[in-house]
Amino acid sequence: MMTVVSQKLLAPKIYELVLQGELVNEMKEPGQFLHIRVKRQDLLLRRPISLADINPQEKTCTLIYRVEGQGTLDMSELKSGDLLDVMGPLGHGFPVADITPADHVLIVGGGIGVPPLYALSKAITAKGANVHHVLGFASKEVIFYEEAFKALGEVSISTDDGSYGTKGHVGTILDQLVTKDFQPTAVYACGASGMLRRIDQQFHDHPRAYMSLEERMACGTGACYACVCHLQQDETKTKSKRVCKDGPVFQTGEVVI
Ligand SMILES: Cc1cc2nc3c(=O)[nH]c(=O)nc-3n(C[C@H](O)[C@H](O)[C@H](O)COP(=O)(O)OP(=O)(O)OC[C@H]3O[C@@H](n4cnc5c(N)ncnc54)[C@H](O)[C@@H]3O)c2cc1C
Ligand code: FES
């Protein structure tokens, strides 16, 4: 169980939830997620939500989520002091052990895939590396954490409707940014599958390019095989990986998106 410290509306339908508890001691890797049991008795399956920030001193962690259906709607009604049934941290997060101050890191996020990239960027910048964030949103009104990311490194934003930053998807910015003069030494991405496919193509053979995937989940711990994805280099088409346990972060070129 974790205790709700605060809940704030960041943008229409997008909430920032701060939780406190001993579980924070186990949260070491950005990109891991919590599996949340909401209060509504009829919603038996837990909801996976990524860790957006981890603060060991305060024993708090932050989740940022968008209200999609009944589960996240139920979460949005949580008030400070409420208890929340939380399982985790789960999965394999983004590898950051190899990061050095010499690295030029590209972080690419889209919409509700942006939250885990904040904890990631904090972990990378703490190691002295240089980070450029490329973040895509549907429109100006659903942008969140722009200032927080700017405090860590450069930020380029695109919006689908052109209401802020570059018009179009993040690929438009990547075309201009990634040139012979700037080749990132490490790449990290999280977002919709279309965006991830683009990253997978562009950085297919990059030795340090990682993507966080989403799949519908049930157990969240690797037992039920609800969340499988297939390996790219598998001619038999029989080998699979579980997003909850083997992922959610995979290297580019590893799995079919
Ligand atoms: C590893 C991981 C990390 C995630 N991190 C975030 C995050 O930080 N912020 C955020 O807003 N969303 C995140 N999601 C998506 C989030 O889990 C879904 O939006 C949420 O479960 C929807 O629940 P619901 O009851 O509101 O919607 P409903 O549509 O009513 O959900 C019905 C069922 O489908 C499952 N489901 C629905 N959409 C998804 C989805 N996209 N992925 C997995 N299961 C889904 C639900 O868990 C539930 O079991 C993440 C998903 C995964 C797999
Ligand atoms: S959700 Fe059960 S194996 Fe991944």
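Residues numbered from 1 in each chain as written. Chains lettered and ligands numbered in written order. Predicted model: local features only at pLDDT ≥ 70, side-chain atom pairs only at ≥ 80, totals over all residues. Heavy atoms only, no water.

Worth spelling out the cut-off: UniProt positions are given in the numbering used here, feature names are shortened, and annotations may be inferred rather than shown by experiment.
As named in an unreviewed UniProt entry, the protein chain is Dihydroorotate dehydrogenase B (NAD(+)), electron transfer subunit, taken from Vagococcus humatus. The record held by UniProt for the protein chain lists under Function (unreviewed entry) the comment "Responsible for channeling the electrons from the oxidation of dihydroorotate from the FMN redox center in the PyrD type B subunit to the ultimate electron acceptor NAD(+)." UniProt, in the comment section headed Sequence similarities (unreviewed entry), describes the protein chain in these words: "Belongs to the PyrK family."

**Notes on the packing of aromatic side chains**
Note the threshold: When the centres of two rings from Phe, Tyr and Trp lie within 6.5 Å, Trp using its six-membered ring, the rings pair. Their planes under 30 degrees apart give stacked, over 60 give edge-to-face, and anything left gives tilted. Strands here are runs of E lasting at least two residues and helices are runs of H or I lasting at least four, both read from the DSSP assignment and numbered beginning at the N terminus. Burial classes: relative accessible area under 20% of the type maximum marks a residue as buried, over 50% as exposed, and values in between as partly exposed (1.4 Å probe, protein chains only).
All chains considered together, the criterion is met by seven aromatic pairs. On the numbers, 5.1 Å between centres and 85° between planes, the contact of Tyr-118 with Tyr-145 is edge-to-face. Here the residue Tyr-118 occupies a position in helix α2 (residues 115-125), and Tyr-145 occupies one in the loop between β9 (130-137) and α3 (146-150), the gap between them amounting to 27 residues. On the basis of relative accessible area, Tyr-145 is assigned to the buried category, the value being 17%.

**What to know about the pattern of salt bridges**
For clarity, the threshold we go by: When a carboxyl oxygen of Asp or Glu lies within 4 Å of a side-chain nitrogen of Lys or Arg, that pair is called a salt bridge.
Applying the stated criterion across every chain yields a total of 12 salt bridges. When the shortest N-O distance is used, the salt bridge between Lys-150 and Glu-146 registers 3.1 Å. Placement of the pair is Lys-150 and Glu-146 together in helix α3, with a separation of four residues, close to one helical turn. Owing to a relative accessible area of 41%, Lys-150 belongs among the partly exposed residues under this scheme. Taking the shortest distance from any N to any O, the salt bridge between Glu-147 and Lys-150 comes out at 4.0 Å. Of this pair, Glu-147 and Lys-150 are both found in helix α3, three residues apart, which corresponds to roughly one turn of the helix. Among the charged side chains, a network of salt bridges with common partners joins Glu-146, Glu-147 and Lys-150.

**Overview of the site of ligand 1**
Rule in force here: Note on definitions. A residue lies near a molecule or strand when any single heavy atom of the residue is within 4 Å of it. In the analysis that follows, any N or O atom pair within 3.5 Å is treated as a polar contact, provided that within protein one partner can donate a hydrogen and the other can accept it, and provided that, for residues neighboring in sequence, both atoms belong to side chains. Gly is put with the polar residues, along with every residue not named as nonpolar or charged; the nonpolar set is Ala, Val, Leu, Ile, Met, Phe, Trp, Tyr, Cys and Pro, and the charged set is Asp, Glu, Lys and Arg. Start and end points for every domain follow an automatic or database-based domain assignment.
Residues in contact with ligand 1 amount to 20 residues; listed here are only the nearest, Arg-47, Pro-48, Thr-72, Glu-214 and Arg-216. One of the side-chain nitrogen or oxygen atoms of Arg-47 is found 2.7 Å away from an oxygen atom of ligand 1. Between Pro-48 and ligand 1, the recorded distance is 2.5 Å, taken from a backbone N or O atom to an oxygen atom. Those elements giving two or more residues to the shell around ligand 1 turn out to be β4 (47-50), β6 (60-66) and α1 (70-75). Here the shell around ligand 1 is composed, by residue class, of eight nonpolar, five polar and seven charged. When residues of the shell around ligand 1 are sorted by domain, at least three fall in each of domain 1 (2-90) and domain 2 (104-251).

**Thoughts on the nonpolar core**
Short version of the rule: Buried Ala, Val, Leu, Ile, Met, Phe, Trp, Tyr and Cys residues form a nonpolar core when they are joined through side-chain atoms within 4.5 Å. Throughout, a residue-residue contact means that at least one pair of heavy atoms, one from each residue, lies within 4.5 Å.
Of all hydrophobic cores here, the largest spans 30 residues; its most connected members are Val-105, Ile-124 and Tyr-188. Breaking this core down by element, the ones donating at least two residues are β8 (104-110), α2, β9, β10 (154-159) and β12 (186-190). For this core, the element with the highest residue contribution is α2, accounting for four residues. Two domains each put at least three residues into this core: domain 1 (2-90) and domain 2 (104-251). The residues touching Ile-124, leaving out its near neighbours within four places in the chain, are Val-96, Ile-99, Val-105, Ile-107, Ala-129, Val-131 and Tyr-188. Among the nonpolar cores identified, the runner-up in size contains 26 residues, and Phe-33, Val-187, Val-243 and Cys-244 belong to it.

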